[in-house]
Structures are given as C-alpha cells and as structure tokens.
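# Examining the three-dimensional arrangement
These are the residues of each chain, in order.
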There are 4 protein chains.
Amino acid sequence: MELGVIGLGRMGQIVVDRALDAGHDVVAFDLSAEATAEAAEAGATAADSAADLCDRLGEEKRIWLMVPAGDPVDATLADLEPHVGEEDVIVDGGNSHFEASVRRAEEVDAAYLDCGTSGGPAGAHLGFSLMIGGPEWAYEAMVPVFDAVATGNAGHERMGPSGSGHYVKMIHNGVEYALMQTYGEGFELLANGRYDLDLEAVARTWNNGAVIRSWLLELCEEAFREEGNDLGDVADHVAGGSTGTWTVQEALEQETPVPLIYQALAERFGSRAPDEGRFSRRLANRLRYGFGRHDVKRE
Amino acid sequence: MELGVIGLGRMGQIVVDRALDAGHDVVAFDLSAEATAEAAEAGATAADSAADLCDRLGEEKRIWLMVPAGDPVDATLADLEPHVGEEDVIVDGGNSHFEASVRRAEEVDAAYLDCGTSGGPAGAHLGFSLMIGGPEWAYEAMVPVFDAVATGNAGHERMGPSGSGHYVKMIHNGVEYALMQTYGEGFELLANGRYDLDLEAVARTWNNGAVIRSWLLELCEEAFREEGNDLGDVADHVAGGSTGTWTVQEALEQETPVPLIYQALAERFGSRAPDEGRFSRRLANRLRYGFGRHDVKRE
Amino acid sequence: MELGVIGLGRMGQIVVDRALDAGHDVVAFDLSAEATAEAAEAGATAADSAADLCDRLGEEKRIWLMVPAGDPVDATLADLEPHVGEEDVIVDGGNSHFEASVRRAEEVDAAYLDCGTSGGPAGAHLGFSLMIGGPEWAYEAMVPVFDAVATGNAGHERMGPSGSGHYVKMIHNGVEYALMQTYGEGFELLANGRYDLDLEAVARTWNNGAVIRSWLLELCEEAFREEGNDLGDVADHVAGGSTGTWTVQEALEQETPVPLIYQALAERFGSRAPDEGRFSRRLANRLRYGFGRHDVKRE
Amino acid sequence: MELGVIGLGRMGQIVVDRALDAGHDVVAFDLSAEATAEAAEAGATAADSAADLCDRLGEEKRIWLMVPAGDPVDATLADLEPHVGEEDVIVDGGNSHFEASVRRAEEVDAAYLDCGTSGGPAGAHLGFSLMIGGPEWAYEAMVPVFDAVATGNAGHERMGPSGSGHYVKMIHNGVEYALMQTYGEGFELLANGRYDLDLEAVARTWNNGAVIRSWLLELCEEAFREEGNDLGDVADHVAGGSTGTWTVQEALEQETPVPLIYQALAERFGSRAPDEGRFSRRLANRLRYGFGRHDVKRE
C-alpha cells in the first residue's frame, strides 16, 4: 500500500525503510530537505510540503507522523487539515500525552490513530512494538504497514479507543524507568560489594538463562563492554523524565501506588540536583548539630 | 565425565537429566527412595546413601548438592566428610547464604564451589544460568558438567573466590523482586486506569520489540492468559523473601542505597500483614481524628 | 475591629469565638440557619445572606470565608461580588489549591488573602497557625484579627503574594502525611517487635524530652490511651489525600524528589485497595509460580 | 542518694550536673583527668579509676556509664567486674545495641539497666527522655536519679526486661531519621518552589499552632536563623547511621515494612556517595543511549 511519512528523524527514517522493505510505496517529507533527500535515496518519493505529500498520496491517504511530541504535532496537523477528510488515516507515532491524542482525534477530520512506539533506533532491524489507539477500521486499514514497521503481526495491537495507545506507551515508559533503576541498584551493589567482579560477565551469565534476563540487561552487558567495568566517565546525570512524570501523575489521579516507578523518577531528579546538593539532606546535616552537637560538614 | 547428584527435587532432577542428556554418567541419591528411583529410571545409577554414592564415584569425585539451603547442606556435608578429600569437588547449587558458603569452603576438605542457579524449573529445557565461586581448578574441572546444566558455555561463569557465586545470585534475586514488583505496578495502573485493556495483549505487544521486553514479561503474558485479565482468585500474598532480605542486609552493610529493591521486599511483607491490617496506617487513621476530628473508620 | 465570617462549621465557629474573645465585632452567616444561630448565641450578629452580611459590615469590609474548598468558595465569591470593592478584604481560610487562589485574587475586586489554617479543632483553645498570601496592605489591615485567630502574633505571617499562603499550607500537609506515617512505622515496629511494650508509656516518655517529641506524638499518646495498646477496632483505612496529592504534583513540576512524602501518600492509597488486594502483588505472587513453580496462594 | 558516673563527655557531664542539682552525691571518673577535674569542679568527688570509684561508693553501688557504645562499654564492665555484686546497679546510658545489652545483663553480676537517652546536649536544661530496660527492683532503686536526669518523673519509664530500653531507643532513632528527612523534603520543595519564601518565618509560623509543630521543627527554625535561608555552606553530607541501620535490620527480621525510615537512611548513604556519583544512575544514563541513542552525559 501507499504510505506518507512526515518527520524523518532517526525514527521516521526507520519507518520509511521498513515500509519500503516490505514492498510499500512511501511518500516522505521533512522540514529538512536533507532528511527528505535521504528518504528519497532509500526509495521513497520526496514531497516538498505536507500539502505536496497529500497531493501525491491521492485518495484514502495513510499518513504517519514521526515528529516531536507537542507543538510540532499540532503544527503538522494544521498543515494537513485542508487536505484530509474522514476517509483518511493519520498515525501519530511519537510520545504524545494521551490526553493530547484524545483532543486531536476529536479535532481532526481524518481518522486518528495514536501509536506508542517502543524499541528505539535498535528497532531498525528487529522492528518496533506498536501500541495503538483509535477507530478499529483505521487500525485495520493500517495493518499492512503496522506489520512492516513492527516486529511483525505480534508486535502491534489496537489497545482501544483514542488515547489508549499513548496511554499504554506512557505506562510502558514508567515501567522502563524502574527496570533501569533496578538493574542499576543491583550492579551498584555488586560494584560496591565484597568481591571484585567482572560486571560484563555477570550480565552475560544472567542473560543466559537467569530469571532476570531481558533486553535491558543485554544493554547493561553492552554498556560494561563498551565503557568498562566502572563505566568510565559516564556521569551521574539521568536526563529525560516527561513520560515517567506523566505516569506518576496518572497514578496519583487513579490513586494507585507506584512507589518503585516514583522512586526511579525521583532518582533522575536527584541526579540533576544543583551543585550544592539536595536541600533536604543539607538540612538533616544541620539538624544533627541542632539536637546532638554533631559536627556540621561544610563545603 | 562422572557426576554425583545429591538432592533430587525438581531442580536436582533437572541437573540429572541435563547431565545425562549431555552424555555424562550420573550417580544419584536422595533421602526419598522414590526420588532416587525416578533418577534411576532416567538413566542414573541409584545410590542408597551419601557414602554409597561416594563409593560408586571412585577417585576425583564430582558431587553436586541440590538440597535446601541451611541445615540440610551442613548435614549432607557431614555425611560426605569421611569420604571426600582435596582432589574432590563439591558444588552447592542451592540458595545458600554466601557467608555460609565461605565457611563451608573452609571447613570441607574437598574443593567447594558455591553455585547460584537461576532459571527455575523452566530451565529444564533451556538450561540454567550458573554463577559460581571457588577455586579456579575446581571450576575448570566441572566445566563439562556446567556446559550441560547451564544454557551452554555462555550461561556459567566463575565469579571469583568462595562465596562469590552465591553473592551474585543473592543480588540477582534482589533485582528479581524489584523487576516483578515494577511490572506489577505497571499492570496495576493499566488495570485501574482509563481504558478497558486486554492485559495479555499488552504484554504480548510489549514482548515483541518493546524496550521492557524480558522473560518475566513473558511470564506476565502467560499469567494473564492462564488466570484471566483480572488474575482471578490469585491472592494478594507474596511468599518468600529470604534472598531479598539478605540483599538488603548486605546493602545496609555496604551503605549502598537500594530503595527499589527494599520497597519490593516491603511490599511482600505488607502483603502478609495480619488481618487487622498495617498498624502504621491504623495509627495514621486515628491521628487524623486527633488533629482534625476526621471520622475514624473502624472494623 | 469588625469581621464578617461566612461558613460556620467547626473551624468557622472557632474563628468567630476567638475573634469575639479578643473583643472584635463579628457578623456571621452560614447556609445553615442553625449554625448562624449558634454563632449569634456566642455573641455574633447573625446575617441571613452574604448580601445581608455585607450590608451590616458597612465600608472597608473584612470577610473571612471558612467554607469547603472548591465550588463553595467560588459560589460564595459570586454572592459577594456585587457587594465588595477594592477597599474590602476577603480571606479564604480553607484548604484551596494555591492556583485557584491566584485565579480568584485576580477575579475578585476586593483584596484577596489566601490563608492556610493549621491546627484543626484543637486550635480552639490554643489558636491556629496561619500562612497568608496576598497584598501587604490587606494583610496589615487584618493583623488584629489574625492575632486573635492565630496562637498570637508569632502564629501568622504573610508568606508572599497571592497563592503563597495556600502553597505553604499545601506543603505543610504533605509533611504532615509523612510525619504521621513515620510515627506509624515506629509504633508498628514496636508493636511487632521483641518486647511487650506499653505504647502509651513509650509515647509519653518520648514526649518528655526526646528528640522526636511533637504535637503529633502527643496525639499518638492520646490515641493509645483512648483506643488501647492495639488500637482496638481502628481500621487500616486512611481517608483523605488531596493536599498530599497536590504536594506531590507540585514536586513533580519542580522536579524535586519527595520520596517520603510520596510513600506516605501511597500508603493511604494502599490502605484503600479493593477487597481482592493490590494487583501488583497478586501478579508477583503468580510470577513466582511462573519461574519457580512456587505455590500460588489463592483466595 | 549516691551515684557513680563513668564517662564524662558532654552527655556524662550533664548527668553529673543534673544529679548534683537534685541534691545527689556524685563520684565521677573519666579516662581523661581533665574531664574528671571538670566534674569535680562542678561538685562531684573525683575518682582516679573505676576501682577507686567503686571503693568510694561503698555498698549498694549505683553506677551510670556514659561511655561510647561498643568496646568501651565492655572494657569498663571488665574494670568494674571485681568490684560489683548482685546488690549493685549499673546503668548503660549510651547507644548500645539492644542485643549487646541483653548479653551484658547476663554476664554482669550487678543488676544491669540499659537506658536509651534522648535529648542530646540540649537536655542539659530540660532533662532527658530515658527509656529503660532491666530488673524492676533496679529501676525502682534508680528512680531518684532518673527523676533528676530526665525531664522529671514523666520523662523516664521502665519499658520491660533487659534490652528493651535500648530497643525502644533504637526505634526512636529510626523515627528521628525519617522525621528529619521529611522536614527536609518539605523545605526543599519550598526552597525550589514558586514563591520566594523566608524559611525561618515559615518554620516559626508552623511552630506556633500548626499540626506539624515539634522540637525538630524548632531546630529547623534555628538552622535557618543561624545559617541563612539557603543554609549557606552546609554540605549535602549526612553523617551517622548506625542506629537507623539497626532499626531497618530489626524491621527486616520482624518482616515489618518501614519504607520511610529506610528511605531516610538511604538518603544518608546517598549523600555520602563517591565523587563520581551513584553507579545505579550512571548505568541508567548509559542505558538511555543503549535503547534510544540519547546523549550520554559524561564527566
């Protein structure tokens, strides 16, 4: 089938490549002419605007957006608006907040699918996991493309109505934070512990048959192989956090306790504390003097 | 090569089977004659005591213990003591505390390998992950058996001196607790959340290409398939906890923060609270009356 | 001076009483005629509507709202709107969200003070702690009343511009949750521990000179005295949670880790889990069967 | 009555002073002649050894040890051993582990009281809170001294048999850690938050009538007054931790969840992380590159 792809960053380019590989026709557009040219080189038809892309797609347009969450999605939808109608399908494959996707699904004339995409650039070869929300007919219409972009038929699913795809992806990411921090705690304890261990070998042994084997643990193994047993100059500074924050916010609304996910997020915040450190602990330091005349450590 | 196996529960029987499948000769003994007979049926030579097993093994004995951690290990070692010497190798494949393994390695005349074994009964087909501590020569001597019992050569490793195998396994289990609880939090939020989701389908989609894919997530998928979307009558009662407790105790000794692992353990304790509930929360309930005259909920 | 009080529940009545005791004149109104009559009996002038209350106050009205947070505040402000101008002062003494107070301060013609009020009904005798935000002149104009309603001059303070009073009160409440849960943890451990202790005596001994002495600990002492050492039929069910939720939400926005406050809130949510228990722990229970064939406890 | 005091550091000297003030006779000894002289100047009789102190006390000796926990207690008991019998009473007023106190109570011929002492140097004027374990007759015999050293009769209590005093004190300290960290979280959020607040004024306002008022909050007020609103050069480094560690260890043994106390302890450990930071978060930083090719922040 024919697919339009708007947004040709690392992830969008993978969508283009996998769709082409599966024999689909792709029309591609990015604000960067260079990115568009790259897609064209891979075999896509280049478009020089969202309008042009729509023109080239003809009727029953199928358009995949892979642009950054937030304003870029709304801006792209505004560009598409004069050119799409109710027989068309738009997929948002980015990390949008599910409530934004619900709103957009109502505002857009085309059928709107929110599609949580997991797997990252590594998905180029294996394919992604796609969590999709929106109208059933639109999902069905896109299945050939989803089959190509995902790991295959088992790697995508319609979760439910609009918003459900990004909802499931949001929680996926909250889980991801806590899994990463959990492995981190385990390796921190091994690194601080009583034996002089080869952490890459530990990770490799675990990845072969242990209960805790996983893709993230394979990435730990890779990290130790590439950075060394002490992680070299990798800083204690974990960036990101928006989808984890959304997960905790939703858990507060649902009054569902998620202490591990919360703690993983709090560790990120803690890793980004100002130079003078965490105020809470500085106060605790001083309070020990207050009641016990313990020495106050000072900078 | 020739291997003695003592302790023929579910896990011990797997050791027997995998060793036999790889072409090794096995002499097997269990306090239960029935279990010993089962191993004999599989192709092992039955022994009717630890002494008899030693007799049958001849010189340079290689003996794998798969008995419950604690006193049964010491009792078995006491039985073996008159029959083993420094050219022999004993492997403890159970979940012993690493400090007990260090002590036993010093007390036993034979070379002593502590071997953390992960994978559970599911390892019957795939093989286990084996984390091994103890003398290098003894590890090398056992490699043919480890190759058979593990997932293969990549599934076992000498971690370091005595105790290091069970040390790494202990921390593996602490990580395991937190991974399980993390997936639990994610699915709890999905179950309580805004969409009516098919949790097996969510797990299956995630297992195909998502960042958080893992063996434990495959077991989640299986759990929803077998128990239903609401987990049916599965109780909020998580048993076990000794290796997780050891992990936290060791982290306290090393002054290493492990808040996620701790919280996962605390959830187990909380799931086993008495009928009247958690005292801390009952007191908080009452304190709200104390300062604010809020209604006290009573049983 | 002359003060109007609208909202004569337990807290509003205390405002009336303390203002009268300090020699101020009070005009009082509540939607319940009974509550208004009670205030009149205490010495206030009864009004039969917000409009009537304004009439009776004359110029430079000083009006204290002690109505439930949310719509009742907006409804009362709507009633007052035709009757108040920029020389008047309205105090919101309830638990409004600070952002609602910022909005109201902009919408209302009168000067608007958001006033976090802590101390609860017990403040009747001692006076409250008042955390106030809004225009400085309005705060100064109200000082005689604040002196009366608070524990005295040290018990009230202008924190800053509009919203700051309710902001500080919000965080006060977050802290309150965690302090309560902390004492709860300590007494839970004492109750479960190795000695058969008289918890009231423990609390009393601590309240006399120990580092952790506090008013909340005095309330613990009272709780054990009145409910018994085992807290009798007090349920494991902690109600409330809105201000604690707001605190955590704000901490997420500020990227400030508050793990203890979060955990205290999560304990409340956990205490209100459905009858079948926490889904996360039910899944963990089942997963232990998945990898280890451990028995699944079932209801 | 007559009291011997061994160990004349800050806390021991306060015991001497308060006993003298209450009209008791005190014989004092410290390994430092200077400290002994200081006690003599305050009105105590100087002893030049533990033996000499025993000689001067005559029969039915009452001896208070205020020496550091651990070996110094055992060393002092060894010195006293030849000189004390079953009609004598020894009080250990330090922070010994309760199990050490149980052991000592069995080993020592004299009646042995373990006495948790809270209040710190500030207790010089107000008196301490004393939590006491051991034989009832010995407790009764010491009441006149306890009345003097504590805040008065309400400030001391026999908690139960040997060990119970230090047990209750241990848990007191665990609670103390979490209370301090909780106030720290609240003030951190205020310091990072939306308003430019005077934190000393916040603390002062809270201490006058608010639910969360406490002695620790008075110490917060003092800290901001003395260090400034931003705590100046006070470092993010919280020392200590032994009694909190014991509390968590005991909670693990009792399978009692204490997540807030644990987290407060973990914050201390975190504040003492090596220069390169927390390994767990460094690994999480690197993993984000692994799956998403996010930039790795490096030192």
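Residues numbered from 1 in each chain as written. Chains lettered and ligands numbered in written order. Predicted model: local features only at pLDDT ≥ 70, side-chain atom pairs only at ≥ 80, totals over all residues. Heavy atoms only, no water.

Per an unreviewed UniProt entry, chain A carries the name 6-phosphogluconate dehydrogenase, NAD(+)-dependent, decarboxylating and comes from Halolamina salina. The UniProt entry for chain A carries this comment under Sequence similarities (unreviewed entry): "Belongs to the 6-phosphogluconate dehydrogenase family." Per UniProt, chain A carries the Subunit (unreviewed entry) text "Homotetramer." (UniProt positions renumbered as here; feature names shortened; annotations may be inferred.)

The transform that puts chain C on chain B rotates by 180 degrees and translates by 0.0 Å along the axis, for an RMSD of 0.0 Å. In the structure described here, the two chain copies are related by an operation that fits a two-fold rotation axis. A shared binding surface is used by both copies, with 100% of the interface residues of chain C retained as interface residues in chain B. (Least-squares fit on C-alpha atoms with pLDDT ≥ 70 in both. Contact = heavy atoms within 4.5 Å.)

Turn by turn, an α-helix covers 3.6 residues, leaving residues three or four places apart pointing in a common direction. Taking 1.5 Å of rise per residue, the 13 residues of helix α10 (residues 215–227) of chain C would be expected to cover 18 Å, and the 18 Å separating its terminal C-alpha atoms lies within 8% of that figure. Here α10(C) has its buried residues at C:Trp215, C:Leu216, C:Leu217, C:Leu219, C:Cys220, C:Glu221, C:Glu222, C:Ala223, C:Phe224 and C:Glu227. Check the buried side of α10(C) and you find it contacts α13 (279–292) of chain B together with α8 (164–192) and α9 (199–207) of chain C. The N-cap residue of α10(C) is C:Ser214: its side-chain oxygen and the backbone nitrogen of C:Leu216 are 3.4 Å apart. Immediately downstream of α10(C), the backbone of C:Gly228 shows phi near 95 degrees, a positive value. (Helix = DSSP H or I, 4+ residues; strand = E, 2+ residues; numbered from the N terminus. Expected span 1.5 Å × (residues − 1). Buried < 20%, exposed > 50% of the residue type's maximum accessible area, 1.4 Å probe, protein only. Polar contact = N/O pair within 3.5 Å; in protein donor to acceptor, adjacent residues only side chain to side chain.)

The next subject is the domain arrangement of chain A. Residue and element names in this part refer to chain A. For chain A, the domain assignment lists domain 1 (2–162) and domain 2 (169–292). Between the C-alpha centres of domain 1 and domain 2 there is a distance of 33 Å. In this complex, domain 1 contributes 10 residues to the contact, which on the side of domain 2 involves eight residues. Carbon and sulfur atoms supply 71% of the area that domain 1 and domain 2 bury against each other, a total of about 700 Å² over both sides. Taken as a group, Asn-95, His-97 and Phe-98 account for 53% of the area that domain 1 buries against domain 2, more than any other trio of residues on that side. Across the domain 1-domain 2 interface, the total number found is zero salt bridges. Applying the counting rule to domain 1 against domain 2 returns two residue pairs in polar contact (both at pLDDT 80 or more). Among the elements that line the side of domain 1 that touches domain 2, the one with the most residues is strand β6 (residues 111–118), at three residues. Classifying every residue of the side of domain 1 that touches domain 2 by side-chain character gives three nonpolar, seven polar and no charged. (Domains from an automatic or database assignment. Buried area = accessible area lost by both parts, 1.4 Å probe. Salt bridge = Lys/Arg side-chain N within 4 Å of Asp/Glu carboxyl O. Nonpolar A, V, L, I, M, F, W, Y, C, P; charged D, E, K, R; others polar.)

On to the interface of chain C and chain B, then. Interface size is often expressed as the accessible area that is lost when the parts come together. In this assembly, 62 residues from chain C lie in contact with 62 residues from chain B. Buried area between chain C and chain B, summed over both chains or domains, comes out near 5700 Å², and the portion from carbon and sulfur atoms is 57%. Looking only at chain C, the three residues that lose the most surface to chain B are C:Phe279, C:Arg281 and C:Phe291, adding up to 14% of its buried area. Applying the counting rule to chain C against chain B returns 16 salt bridges. As a salt-bridge pair, C:Glu267 and B:Arg281 come within 3.0 Å of each other at their nearest N and O atoms. Between the two partners, chain C and chain B, sit 42 residue pairs in polar contact (both at pLDDT 80 or more). Within the residue set of the side of chain C that touches chain B, elements represented by two or more residues are α8, α10, α12 (259–271) and α13 (279–292) of chain C.

Below, the discussion takes up the UniProt feature "active site" (unreviewed entry) in chain A. Per the UniProt entry, the sites bearing "active site" (unreviewed entry) are A:Lys169 and A:Glu176 in this numbering. On the basis of relative accessible area, A:Lys169 is assigned to the buried category, the value being 5%. Discounting chain neighbours no more than four positions away, the residues touching A:Lys169 are A:Asn95, A:Gly116, A:Thr117, A:Ser118 and A:Met131. As for its placement among the helices and strands, A:Glu176 is situated in helix α8 (residues 164–192). On the basis of relative accessibility, which here comes to 6%, the residue A:Glu176 falls in the buried class. Non-local contacts of A:Glu176, meaning those with residues more than four positions away in its chain, are made with A:Leu216, B:Val211, B:Ile212 and D:Phe291.

Residues and elements named next belong to chain D. For Glu-60, which is not a glycine, the phi torsion comes out positive at approximately 50 degrees. Inspection of the secondary structure puts Glu-60 in the loop between α3 (50–57) and β4 (62–65). Here the phi dihedral of Arg-293 falls at roughly 55 degrees; this positive angle occurs in a residue that is not glycine. Tracing the sequence through the fold places Arg-293 in the segment after α13 (279–292). Using a relative accessible area of 31% as the deciding quantity, one classes Arg-293 as partly exposed.

Residue and element names in this part refer to chain A. Using the residue numbers shown here, the UniProt feature "binding site: substrate" (unreviewed entry) corresponds to Asn-95, Ser-118, Gly-119, Gly-120, His-172, Asn-173, Tyr-177 and Arg-268. Summarising the element assignment, Asn-173 is placed in helix α8. We classify Asn-173 as buried; its relative accessible area is 6%. With residues up to four places along the chain from it excluded, the contact list for Asn-173 reads Asn-95 and Thr-243. As for its position among the elements, Tyr-177 is in helix α8. Look past the residues within four positions of Tyr-177 in its chain and what remains in contact with it is Gly-240, Gly-241, Ser-242, Thr-243, Gly-244, Ala-264, Leu-265 and Arg-268.

Glancing now at the side chain of A:Thr76. Tracing the chain through its elements places A:Thr76 in helix α4 (residues 71–80). A distance of 2.7 Å separates a polar atom in the side chain of A:Thr76 from the backbone oxygen of A:Pro72.

What follows concerns the sheet that holds strand β2 (residues 25–29) of chain C. Residues and elements named next belong to chain C. Read across the open sheet, the eight strands follow the order β3-β2-β1-β4-β5-β6-β7-β8; overall the sheet is mixed. This sheet does not close on itself; its edge strands, each paired only once, are β3 (45–46) and β8 (156–160). Bridge count between strand β7 (residues 129–133) and β8: four bridges; the pairing is parallel. In the strand pairing of β8, Met-131 is matched with Glu-157. Lying over the sheet, helix α1 (residues 10–21) contacts β1 (2–6), β2, β4 (62–65) and β6 (111–118), oriented at roughly 165 degrees with respect to β1. (Pairing = 2+ DSSP bridges. Axes fitted to C-alpha atoms, helices over the stretch in contact; angles between N-to-C directions.)

Mapping chain A onto chain B leaves a residual RMSD of 0.1 Å; the transformation is a rotation of 180 degrees accompanied by 0.0 Å of translation along its axis. Looking at chain A, 100% of its interface residues are interface residues in chain B too, so the copies touch through the same face.

Here we take up the interface of chain A and chain B. Each partner contributes residues to the interface: chain A has 72 residues there, and chain B has 72 residues. Counting the surface lost from both chain A and chain B, the interface buries some 6100 Å², and carbon and sulfur atoms represent 67% of this. Joining chain A to chain B, the criterion identifies eight salt bridges. A salt bridge links B:Glu99 to A:Arg194, with the shortest nitrogen-to-oxygen separation between them at 3.4 Å. Elements with a contribution of two residues or more to the side of chain A that touches chain B: α5 (98–107), β7 (129–133), β8 (156–160), α8, α9 (199–207), α10 (215–227), α11 (242–253) and α12 (259–271) of chain A. For the side of chain A that touches chain B, the leading source of residues is α8(A), giving 18 residues. Residue composition of the side of chain A that touches chain B, by class: 35 nonpolar, 25 polar and 12 charged.

Here chain A averages 97 in pLDDT, and 100% of its residues register 70 or above. Confidence estimates for the predicted assembly give a pTM of 0.97 and an ipTM of 0.97. (pLDDT = per-residue confidence, 0-100.)

Moving on: the packing of aromatic side chains. The geometry of an aromatic ring pair is captured by two quantities: the separation of the ring centres and the angle between the planes. Here the structure, examined in full by the defined rule, presents 30 aromatic pairs over all chains. Their ring planes at 70 degrees and their centres at 5.8 Å tell us that D:Trp64 and D:Phe146 sit as a pair that is edge-to-face. Note that D:Trp64 is positioned in strand β4 and D:Phe146 in helix α7 (residues 136–149), a separation of 82 residues in sequence. Of the two residues, D:Trp64 and D:Phe146, neither departs from the other in class, the shared state being buried. The structure contains a cluster of three or more aromatic residues connected by ring pairs, namely A:Phe187, A:Trp206, A:Phe224 and D:Phe279. (Phe/Tyr/Trp six-rings, centres within 6.5 Å; stacked < 30°, edge-to-face > 60°.)

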